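Here are the chains, one letter per residue:
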Amino acid sequence: MESVFINGCQVEIRAGETVLETARRSGFQIPSLCYHEGLGAYGGCRLCLVEVEEGKNRFLAASCTLPARAGLRILTESQPVQKARAQVIALLLARCGNLPVLHDLAERCGVPQDLYPRLVEDECILCGLCVRACEAVGGRALSFTWRGIKRKVSPPFEKPSEECLGCRACAHVCPTGAIKVEEGPVSFTLLRWKTEHTYVRCRSCGRPFAPLRFTENFGTILEGGAGVSSGTGAGTAAVAGALAGELCPACRRSLRARELSRTAAKR
């Protein structure tokens, strides 16, 4: 059994894990704002810094990008870690001083909230989670633009993007709530990106249930996807049509149940 030592405790490591994942699985609390278990590591916010002792080397590293290697000795709350983490929080407060999540972190870590003057008033900490989430669903509607103090996340040319599917993955993973959604009766708008999406109405019950652009992209895949017609016999064409984005989830389940009942009755 291979293991690392975290704050003096021996912890078993699993293949492919990072130090952050090993530590959290073992109950050690390490703050982070740019990490999400469903997306790749980025190491952008630097809040998850830990002190690492490996042989004769001793250094600070972002635990979300550091592979958990056998024999590593990790300190999550040493003095160098606390000092570096406090500096990161102070800089984030200079950019996004009104965020409750940063106020909570500053209070927990004993960081003065006015250490640096406010440089920018924004709710985006540039963690990049929204960019990676968009890429993960195949949208590619977001990217980093500009440099230095002007750096931001935006659609290409800061205009509503045709690549945006309306899946809301960006809003779901945002750790600060910077990506807000305004709901309407027939559409919704991702305010930060100024992108409006029209809902598709269920052909059975008439309720709006999904963005049109999303169903146009993923409905086609589902319509011809493997597994839709496997083993169910008659009625699968109707089920495939339902998965193509014409029925809401409740009506799809109802249709599937009816098809399965008919198939079972014929056997």
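For the structure itself, look to the data block above.
Every chain is numbered independently, its residues counted from 1 as its sequence is written. Whole-chain, interface and lining totals are the exception, using all residues; otherwise, since this is a predicted model, local features are given only for residues with pLDDT of at least 70 and side-chain atom pairs are given and counted only at 80 or more. Only heavy atoms go into the side-chain values, all of them from the structure, while hydrogens and water stay out.

Trainee: I would appreciate a short explanation of the overall build of the protein in the present structure.
Mentor: Only DSSP runs of H or I covering at least 4 residues are called helices, and only runs of E covering at least 2 are called strands; the numbering of each starts at the N terminus. A tally of helices and strands in the protein yields 8 helices and 11 strands. Against the compact-globule benchmark of 18 Å for 267 residues, the protein has a radius of gyration of 24 Å, which places it well outside the compact range. Expressed along its principal axes, the backbone C-alpha trace of the protein runs to roughly 70 × 50 × 30 Å. For the protein, the proportion of contacts with a sequence separation of at least 24, taken over those separated by at least 6, is 48%. Note on areas: these come from Shrake-Rupley sampling with a 1.4 Å probe, and a residue is covered only by the protein chains present in the view. Carbon and sulfur atoms provide 53% of the accessible area of the protein, an area that totals close to 14,900 Å². Within this scheme the basic residues Lys and Arg register as positive and the acidic residues Asp and Glu register as negative, but His and the chain ends are omitted. We put the charge of a Lys on NZ, of an Arg on CZ, of an Asp on CG and of a Glu on CD. Distance from the positive charge centre (35 side chains) to the negative charge centre (26 side chains) of the protein: 3 Å. C-alpha atoms define the radius of gyration, and 2.2 Å times the number of residues to the power 0.38 defines the globule rule. Any two residues having at least one pair of non-hydrogen atoms within 4.5 Å are treated as being in contact.

Trainee: Just to check I follow, could you spell out the sheet that holds strand 11 (residues 208–211) for this structure?
Mentor: Paired through their backbone hydrogen bonds, the strands of a sheet run either parallel or antiparallel. In this scheme, strands are said to pair when DSSP sees at least two bridges between them. A sheet is described by the order of its strands in space; here 4 strands give the open sequence 8-9-10-11, paired in antiparallel fashion. Sheet topology places strand 8 (181–183) and strand 11 at the edges, where each strand pairs with a single neighbour. Each neighbouring strand pair of the sheet contributes to a mean axis angle of 30°, computed without reference to strand direction. In terms of strand pairing, strand 10 (residues 195–201) meets strand 11 through 3 bridges, oriented antiparallel. Opposite Val200, over in strand 11, you have Ala210 as the bridge partner. Only the stretch in contact is used when fitting a helix axis, every axis being a line fitted to C-alpha atoms; angles between N-to-C directions are given from 0 to 180 degrees.

Trainee: For this particular structure, what's the right way to read the sheet that holds strand 4 (residues 57–62)?
Mentor: One open sheet holds the 5 strands; their spatial order is 2-1-5-3-4, and the pairing between them is mixed. Bordering the open sheet on either side are strand 2 (9–12) and strand 4, each of which pairs with just one other strand. Taken pair by pair, the neighbouring strands of this sheet meet at an average axis angle of 30°, ignoring direction. For strand 3 (residues 49–54) and strand 4, the ladder comprises 6 bridges, and the chain directions are antiparallel. Note on strand 4: the bridge partner recorded for Val52 is Phe59. On top of the sheet, helix 2 (residues 79–95) reaches strand 3, strand 4 and strand 5 (73–75); it is set at about 150° to strand 3, its chief contact.

Trainee: Can you walk me through the state of the cysteines in this structure?
Mentor: Should the sulfur atoms of two cysteines be covalently bonded, the bond is a disulfide. Disulfides are defined as cysteine sulfur pairs within 2.5 Å. Throughout the structure, instances matching the rule amount to 0 disulfides. This cysteine, Cys34, is not joined by any disulfide, and Cys45 carries the nearest cysteine sulfur, 3.8 Å off. Left without a disulfide partner, Cys48 is nearest to the cysteine sulfur of Cys64, which lies 3.8 Å away.

Trainee: Could you clarify how one ought to interpret helix 3 (residues 100–109) in this entry?
Mentor: For an α-helix the count is 3.6 residues per turn, leaving residues at separations of three or four pointing the same way. Along helix 3, the residues classified as buried are Leu102, Leu105 and Ala106. Along the axis of helix 3, the buried residues cluster in a sector spanning 100°; they form a single face. Across from the buried face of helix 3, at angles greater than 90 degrees, the exposed residues are Pro100, Glu107 and Arg108. Those residues of helix 3 that are buried are in contact with helix 2. Positive backbone phi, approximately 65°, marks Gly110, located one or two places after helix 3. Here the term buried applies to any residue with accessible area under 20% of the maximum for its type, exposed to any over 50%, and partly exposed to those in between, with areas from a 1.4 Å probe on protein chains only. Note: the arc covers the axis-to-C-beta directions of the helix.

Trainee: Would you explain unusual backbone geometry in this entry?
Mentor: Excluding glycine, most residues fall at negative phi; most peptide bonds, likewise, are trans. One non-glycine residue, Arg46, adopts positive backbone phi at about 65°. Residue position: Arg46 is located in the loop between helix 1 (19–25) and strand 3. The exposure class of Arg46 is partly exposed, given its relative accessible area of 37%. Positive phi values are uncommon outside glycine, yet Phe157 reaches one of about 60°. Relative to the helices and strands, Phe157 is located in the loop between strand 7 (152–154) and helix 5 (169–173). Here Phe157 falls in the exposed class, since its relative accessible area comes to 79%.

Trainee: I'm lost on the nonpolar core in this one. Help?
Mentor: Across soluble globular proteins, nonpolar side chains have a tendency to be buried as a group. Put simply, a nonpolar core is a bunch of buried Ala, Val, Leu, Ile, Met, Phe, Trp, Tyr and Cys residues held in one set by side-chain atoms that sit within 4.5 Å of each other. Formed by 22 residues in total, the largest nonpolar core has its most connected members in Leu33, Leu47, Ile89, Leu92, Leu102, Leu105 and Ile125. Of all the secondary-structure elements, those providing two or more residues to this core are helix 2, helix 3, helix 4 (129–136) and helix 5. When residues no more than four places from it in sequence are discounted, the contact partners of Ile125 are Leu33, Leu92, Arg95, Cys96, Leu99, Leu102, Pro175 and Thr176. Core analysis: the next-biggest nonpolar cluster, separate from the first, contains 20 residues, Tyr35, Val52, Ala62 and Cys64 among them.

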